[in-house]
Amino acid sequence: MKTRCLGALLLGALFSNNFNAFAQAPKPVYLDAAQPVEVRVEDLLSRLTLAEKISIVHADSKFTTAAIPRLNIPRRWLDDGPHGVREDIGPDTWQPAGRTDDFSTAMPSGICLGATWNPDLGFKEGEVIGQEARWRGKDIMLGPGVNILRTPLCGRNFEYLGEDPFLSGVMCSGYIRGEQSQDISSCVKHFALNNQEYQRGSINVEVDERALREIYLPAFKAAVQSGGVWSVMGAYNQLRGQHCCHNDYLLNKILKDEWGFQGLVMSDWDGTHDTQQAGLNGLDLEMGTETNYANFYLAQPYLKGLQSGEFSMAGLDEKVRRNLRVMIATHVLDTDRKKGSFNTAAHQTVARQVAEEGIVLLKNENHALPLAAAKLKTIAVIGENATRLHAHGGDSSGIKAFYEITPLQGLVNRVGTNVNIIYSEGYRKGGGADLAERAVAAAKSADVVIYIGGLNHDRGFDCEGADRADMKLPYGQDELIQKIVAANPKTIVVLEGTMVEMDAWLDQVPALLQGWYPGMEGGNALARVLFGDVNPSGKLPATFPKKLSDTPAAMFGASAYPGTNGTVTYAEGLLVGYRWFDTKNIEPQFPFGFGLSYTTFKYSDLKLVPATNGTVTAQFAIENTGQLAGAEVAQLYVHQKNPALMRPEKELKGFRKVFLKPGEKQSISIPLDKAAFAYYDDTQQAWVTPEDDFEILIGSSSRDLRLRDHWHFAGSPKPGHAKVFNLYPPYYAFKNNWSGREIGWHPGTGDAPQWTASFDFATNSLYGYPASARGWHYGWNPTGDDLFPKKLSDISSLPCNFSYDCGGDDLHGDFAYDIFLRRDDRKAEPQLEVMVWGANNSTPIGQIISTNILEADGTAFDLWAGTNAAAGYYVYSFAPHQKGDKLAGGGGLNVDLMDFFGQLKGRENFSSEMYLDVVEAGFEIVRGTGWATCGWFSCEAN
Ligand code: BGC
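Cut-offs applied
Residues numbered from 1 in each chain as written. Predicted model: local features only at pLDDT ≥ 70, side-chain atom pairs only at ≥ 80, totals over all residues. Heavy atoms only, no water. pLDDT = per-residue confidence, 0-100. Contact = heavy atoms within 4.5 Å. Pairing = 2+ DSSP bridges. Helix = DSSP H or I, 4+ residues; strand = E, 2+ residues; numbered from the N terminus. Axes fitted to C-alpha atoms, helices over the stretch in contact; angles between N-to-C directions. Near = heavy atom within 4 Å. Polar contact = N/O pair within 3.5 Å; in protein donor to acceptor, adjacent residues only side chain to side chain. Areas by Shrake-Rupley, 256 points an atom, 1.4 Å probe, with all protein chains shown as cover. Nonpolar A, V, L, I, M, F, W, Y, C, P; charged D, E, K, R; others polar. Salt bridge = Lys/Arg side-chain N within 4 Å of Asp/Glu carboxyl O. Buried < 20%, exposed > 50% of the residue type's maximum accessible area, 1.4 Å probe, protein only.

Another point: the confidence of the model for the protein chain. Per-residue pLDDT for the protein chain averages 79, and the proportion of residues at 70 or more is 73%. Note on residues 1-23: pLDDT under 50 across the span, and 31 contacts to partners over four residues away in sequence or across chains. Within the model, pLDDT remains below 50 along residues 910-942, and this stretch shows 209 contacts once partners closer than five positions in the same chain are excluded.

What follows is the structure in structure tokens.
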């Protein structure tokens, strides 16, 4: 390694200004795809000049960053967004570039994807967008959007995944994995609390810590820890007085330190406001709308600060490193990068499937639907949205679609010439009474009316940059629907857009469908649902209130929404969406999770199967008791009986979508981990899993609960410490190119291995081994593959001792354990719990930021060790693991344990006993490998 680094340096020095010579030189390490990501990152970083580094952390046009030709670094292309690949603009203007090759498959909007409750479709949608993004030469796609629907009025609700953090987290993780499988980085947005468009660029959000942690952050956390997202976009608004694009608490403390995010944080466009904060508070890439790119906060002003010593070079390196890591992880510098594809039949099918599964049947009296084409002579299609194109609207999420099947076109496609379709517009912005009269006449002359109305993407409705003024249907549609249904009672109402008040006509119409913005195949999807080719299976991802004044943000007055004097206070705290309606006993129009089917489902046989660590799996059966094949989304909610702190009446903690033929019965298992019972205690600043009785509620919606049982959760298990043993990571001076001295991890060489300790893991042997033997420090898959044949059947403890003394200088440090386990047996639902304790066993030091177990289907995800963002510490691993790694047998688990010792900062020395306590529950590791790592520390001159 020493030799290689030296060689690289020499090469860099010799050829840094000579591209031809460089091209003839042996392949540099950073261009060698066989090398681990981190090695390539460090190698490339070491070759960059200061000016080049600066060019990497800010834009050079609306959607690009500069190329560095001498190092073969191409221009990086970013693009919106969540619903497809936006048309090209600019480079220095928001006007379309006028190209003819920038069309894209237009997917249904985010809220429609949320309504599918189908994570596999999330994956497929992400995959399609990733493929088209690659085809269009993009590198980072600006989506998905996962801000929580706090008020029905937010202009961007249509882009997001609904009101529930758990649902949003699951759905966005699938999307991200799909998109990133195509060598594209997703960019989850807008982090965080961008829950309104009103004054979005400046509004200051005051939210209590519990609501922040339990409601507004979990989807982002899932994007990072379960989706493995490589980029995060900061939000325009402020949190507690500091803009989110450079909010120290959100970006440094939570995102990077606590959650271990190793990718890059970019600003929203013009969301950066201050050089010092941009330099220090976790922003890695500044994007914007101004065109003097050299004036960006992270351009010349930052450079000046670096030169004057206001900012450390290590801080810059950390930003650059994160950018490079995303480039390398997405294979930007590799020859075999995925090329993508566009507008394939498969893409169109996914667009249609998402729409079909996202459309929600809200009412269906006397089997008004599905329609039987053979029995119909004339259908009156009424409503502007029957012919209106939506895909291009909404602002940044708009798509220049290859084509867009409107509802009217979809119906014509479906019935052909067998049924007469008459169309009447009915309403329009600024339209007169004659429109309504003609529509009524059309309704009278038809066997059935399909009314297609709702909202659209005009500013002030479902559109970025402004909120809605109310929840009313615009353009006199309330009156129009009443007139139409009076003329023809067989009126099926289809609403596009987001939620509206419906009391004026709901009880008069026999059937109602929520169609959202269903993308370019939406018309076909809708027709297939209306005629029963597809059985609707969408469920509301957000509560539909009867009226705006029932919603929490409205009940607490202007300070709670839209805010007063530049601040909005989330006075409802945790009680967002159904948490509010259920806890306060307010009847919604349609509850969260609600959606009908053309068939019926019977739930039965609930059994709560305990795991040995005190958690539980709910097992039950669902049977299709009707005549048609269909899908049901079984939802699991948890209700705590005697909470010490207020808790919402119930909370979604699991769901499964099952497809069943008539008469088919399937058993379902939904495991609940500790997190399903936990709440965030702001006095302890920690997640707490209380001992208490819980009700496990299972049903077809949040208010249609079919099965229930009690569960006593015994609380967090007490750690049981076993043998003590010492593990001393070798002292190693490595790349001393920042201000301090560094000790700790090193990639390892033959003569200086990363670490060589072997240690006793309770009665089983878990071995450490020199990284050099495996190449870099990836510990996965050692020869023989069976270093770790063991049963984790006992409480086990993995302790280790450290001590570091900085001799008067300041200590900084991070610490992590990663354990990778592989199992062959997928039958059981595994739970593994780990606690890290320090200071002679009594006081927890730092915070364990992750004890989650991630299913890694097909790919091993290497999870990360700590890094101290501000100080620019070396990071030793990054997801995903070696490309192409496959888990043999039934699949694998990664257990990612991280403990970040923010508190070490500023101390002179540190010594502690550490214990890693493992509590096995319900699974057996038949064969597996494992490795544990200890972190690294550094001293910095104070
Ligand atoms: C939006 C982002 C979008 C960006 C680039 C901003 O105004 O808030 O969601 O990705 O523009 O178009």
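After that view, the rundown keeps rolling.
Once that is clear, we can look at the sheet that holds strand 15 (residues 511-516). On the basis of which strands lie adjacent, the open sheet formed by six strands has the order 10-15-14-13-11-12 and mixed pairing. Across the chains shown, the open sheet's two edge strands, defined by having one partner strand only, are strand 10 (360-364) and strand 12 (420-424). Between one strand axis and the next, the sheet turns through 20 degrees on average, direction left out of account. Where strand 14 (residues 491-496) lies against strand 15, five bridges are found, and the strand directions are parallel. Bridging from a neighbouring strand, Val493 pairs with Leu512 of strand 15. Against the sheet, helix 15 (residues 407-415) touches strand 11 (378-382), strand 12, strand 13 (448-454) and strand 14, its axis set at about 170 degrees to strand 12. Here helix 18 (residues 522-530) sits on the sheet and contacts strand 13, strand 14 and strand 15; the angle it forms with strand 15, its principal contact strand, is near 155 degrees.

With that out of the way, let us pick up the site of the ligand. Around the ligand lies a shell of 15 residues, among which Asp80, Arg156, His190, Tyr236 and Asp268 are the nearest. At 2.8 Å, a side-chain N or O of Arg156 approaches an oxygen atom of the ligand. Note that an oxygen atom of the ligand is positioned 3.4 Å from one of the side-chain N or O atoms of Arg200. In isolation the ligand exposes 310 Å². Once the protein is present, 96% of that is buried. Its residues assigned to classes, the shell around the ligand shows six nonpolar, two polar and seven charged.

Let us now look at the pattern of salt bridges. A complete count under the given rule lists 52 salt bridges for this structure. Of the charged contacts in the structure, one is a salt bridge between Glu209 and Arg240, with a shortest N-O distance of 2.8 Å. Here Arg240 lies in the loop between strand 7 (238-239) and strand 8 (242-243) and Glu209 lies in helix 8 (residues 209-216), a separation of 31 residues in the sequence. For Glu209, a relative accessible area of 12% puts it in the buried group. The class of Arg240 is partly exposed, set by a relative accessible area of 33%. For the salt bridge of Glu318 with Arg322, the shortest nitrogen-to-oxygen distance reads 2.8 Å. Separated by four residues within a single helix, Glu318 and Arg322 lie in helix 13 (residues 313-329), roughly one turn from each other. On the accessibility criterion, Glu318 (2% relative accessible area) is buried. Judged by relative accessible area, Arg322 falls into the buried class, the value being 0%. It is possible to trace a salt-bridge network through shared partners that takes in Asp79, Asp88, Arg99, Asp101, Arg136 and Lys138.

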